[in-house]
Structures are given as structure tokens and as C-alpha cells.
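Commentary on secondary and tertiary structure
Here is what each chain is made of, one letter per residue.
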Amino acid sequence: MQPEFTLEQYDEAANFIRSRTRHQPVIGLVLGSGLGPLAGQIEQATLIPYGEIPHFPISTVASHAGRLVIGMLSGVCVCAMQGRFHFYEGYSMGQVTLPIRVMARLGIKTIILTNAAGGVNPDFEVGDLMVMDDHINFLGMAGQNPLMGPNLETFGPRFPAMNRTYTRHLRQLADAVATEQAIPLRHGVYLGLSGPFFETPAEIRMARILGADAVGMSTVNEALVARHAELEVLAISTITNRCIDVLDSDTEPTHEEVMEAGKVIVPRLTKLMLGLLEKLGKKF
Ligand code: HPA
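This report concerns the structure included in the present document. What you are looking at is a predicted structure, and each value in this text was computed from that prediction instead of being measured. (Residues numbered from 1 in each chain as written. Predicted model: local features only at pLDDT ≥ 70, side-chain atom pairs only at ≥ 80, totals over all residues. Heavy atoms only, no water.)

**Regarding the packing of aromatic side chains**
Tallied over the entire structure, the rule returns six aromatic pairs. Where Y50 meets F56, the ring centres are 5.5 Å apart and the plane angle is 45°; that geometry is what we call tilted. Here Y50 matches F56 in class, with each residue buried. Here F56 and F85 contribute two aromatic rings whose centre-to-centre distance is 6.2 Å and whose plane-to-plane angle is 75°, an arrangement assigned as edge-to-face. Taken as a pair, F56 in the loop between β2 (43-49) and β3 (67-73) and F85 in the loop between β4 (76-82) and α2 (93-106) lie far apart in primary sequence, 29 residues in all. For the pair F56 and F85, a shared accessibility class is recorded, and that class is buried. Site record: aromatic cluster; members linked through ring pairs are Y50, F56, F85 and Y91. A cation sits over an aromatic face here: R101 above F155, 4.5 Å from the ring centre. (Phe/Tyr/Trp six-rings, centres within 6.5 Å; stacked < 30°, edge-to-face > 60°. Buried < 20%, exposed > 50% of the residue type's maximum accessible area, 1.4 Å probe, protein only. Helix = DSSP H or I, 4+ residues; strand = E, 2+ residues; numbered from the N terminus. Lys NZ or Arg CZ within 6 Å of the ring centre and 35° of its normal.)

**Quick look at the site of the ligand**
Looking at the ligand, the residues that line it are A116, A117, G118, F198, E199, V215, G216, M217, T240, N241, C243 and V258. Within the backbone of G118, a nitrogen or oxygen atom sits 3.3 Å from a nitrogen atom of the ligand. Interatomic distance of 3.0 Å between a side-chain N/O atom of E199 and a nitrogen atom of the ligand. Contact with the protein chains covers 95% of the free accessible surface of the ligand, which is 260 Å². Put simply, the parts of the chain that give the shell around the ligand at least two residues each are β5 (110-119), β8 (214-216) and β9 (232-242). For the shell around the ligand, the element with the highest residue contribution is β5, accounting for three residues. Of the residues that constitute the shell around the ligand, the class distribution is seven nonpolar, four polar and one charged. (Near = heavy atom within 4 Å. Polar contact = N/O pair within 3.5 Å; in protein donor to acceptor, adjacent residues only side chain to side chain. Areas by Shrake-Rupley, 256 points an atom, 1.4 Å probe, with all protein chains shown as cover. Nonpolar A, V, L, I, M, F, W, Y, C, P; charged D, E, K, R; others polar.)

**As for the pairing of strand β7 (residues 185-192)**
Burial within β7 is extensive, with six of its eight residues counted as buried. The pairing of strand β6 (residues 129-137) with β7 spans eight bridges and is parallel. In the strand pairing of β7, M132 is matched with G188. Sheet topology places β7 next to β8; three bridges connect them, and they run parallel. Within the sheet, the bridge partner assigned to Y190 lies in β8 and is A214. Handedness of the crossover joining β7 and β8 through helix α5 (residues 201-209): right-handed. (Pairing = 2+ DSSP bridges. Right-handed = clockwise from strand over helix to strand, strands pointing away.)

**As for helix α1 (residues 7-20)**
Under the 1.5 Å per step criterion, the end-to-end length of α1 is 20 Å for 14 residues, consistent within 8% with the ideal 20 Å. Of the positions making up α1, those classed as buried are L7, Y10, A13, A14 and I17. Along α1, the residues classed as buried sweep out an arc of 135° about the axis, all on the same side. Seen from the open side of α1, the exposed residues pointing more than 90 degrees away from its buried face are E8 and S19. Where α1 is buried, its residues touch β2, β3 and α2. (Expected span 1.5 Å × (residues − 1). Arc of directions from axis to C-beta. Contact = heavy atoms within 4.5 Å.)

**Points about α5**
Among all positions in α5, only P201, I204 and A207 are buried. All buried residues of α5 lie within an arc of 115° about the axis, which places them on one face of the element. The inward-facing, buried residues of α5 contact β7 and β8.

**Remarks on unusual backbone geometry**
Here the residue pair G195 and P196 is connected by a cis peptide bond, since its omega of 5° sits within 30 degrees of zero. Topologically, P196 is positioned in the loop between β7 and α5. The backbone of D248 shows a phi angle near 60°, a positive value even though the residue is not glycine. Position of D248 relative to the elements: it lies in the loop between β9 and α7 (255-281). A relative accessible area of 74% places D248 in the exposed class.

Right under this line is the structure:
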């Protein structure tokens, strides 16, 4: 069995990106559903549509712009994904996580992942930001994950440990910035599901029993590959809706609701992100 992508293919993509920008990004940023407008803050930006980058799939979710935005944010050189690839779109796990490995080959050392998520914890409200302390990788545990198949040793070991996926000092830094800027910040466990369907009430009650605070359709595979490559990882969920855990409720979650909530959340997330990058920038 061949690896889905070879090291040469990851490098072809990375070299193409290098040829298109004078920037040397040190931090990767993945912007989730409804959060793409944050990339509008990036200065001296180089824009590269995914379709132009060798081996990159093309994002099919209408609300995702589908391009890399490389430039300066809060004085730090970042490579932002405006739109990500989801497993539910029909991409393979290797395709979903290809950009993370390409960014690693580009030389980034830290990745900040963001997502839209449903609130399972009854204390959570729409608009909350949640630092992912940990995740439950439902699909991964069932054998659907990007580390299956031959291991590329250049990235990391065959049996990577996942108990320290979300880097402690980054989670603490998020707290410090949130306190300084008076942004309420939650912490919790994210349960990664495939989607594209929203969950049944019984599934939400199950998620709660399992210790999940939020559920979503992305992020865990990217975190897995990032950790495998020994990148430092920070992940922030934006709570766009409260999950419904009772039968026959009058309402149901919709993608429109998720996008609407994003509009409210983007300014708050932007403030947190700018504060974080300013502090992180002192390292580089
Ligand atoms: N469930 C799964 N994924 C989501 C949700 C949800 O309720 N909201 C945003 N992404």
C-alpha cells in the first residue's frame, strides 16, 4: 500500500506556495464555518486559491472561500486557511489534512484551529468561545483517520501519543489574553463527528454522558496530523447553536443558524486572536 500523498507531493505544494509569496509564515490558522472574515484583517496579504495549489482539493461548502491568505496579523506572519476541507464533503482523510502537512513543510511550528460547534454543555450559550482542552475522535477510533496506512517518518512516529495534543502553554496564553480583554472563555472537550447531519437528541445525550462539551464536524483530524508532526496546537470552538437533547422540540439546528452566529462571534474571536498573536509574536 502506498501513502495517499508522498513527501514529494507535500513538498510540491509547499514549494508552489513559497514561489507565490515573499512571506515566511510561522503560524498556521484554520478558519471554520462563518469565521473566514477574520482573514480580512491580514495585512500585505498574498491570496492563493486552493485550486491553484498542486494536490489541493477544492472546498465545496458555499460559505467557505477556499483560499490561503498569507501575510501579517498582529505583527506575526501567518498562513490562514479561509475555508477547510471536511470529511463529509467526500474528501479522504488524507485530503482533509493535506494542508496541515503542507504548512508543516512550509516551516510553521504552531497551528491555531477554529471551528463552529454545537454546545452540548448546558451552561454554554450561543456566541461562547471554547478552548479545546481535549477531543474525542469518534471516527478516528473507528478506523477512519489520516494516520492509517504507511507512516511517513519525516512527519512523525508510527504510534504518536495524543494525550498532549492541545499545547498547555497556548491554552494558558488564551486564558491570559481573554482575561486582559474581558472576553469570556470556556474550556471543554470537543466530540468530532462526520456530519453532514446534525445529531439526534439521543446522540446529544450520549455525547454528554461521554464527557463532551461541544460537537462538530471538523478539527480533530487536523489536530491529529498536527500533533503527529509535533506542531504546537491551539483549537478554539465557537458555539453557534445549542444542541437539542429532547424529542419533538419546536426548533432544529440549521447551517444558516451556524453562519448567522458566526457573524456575531467573528469580532470576539478576532479580538482574542489578535491578542494571542501579539503575545506569540514575541517568540519569533
Ligand atoms: N453539530 C455538529 N456540528 C456543528 C453543530 C452541531 O450542532 N453546530 C456547528 N457545527
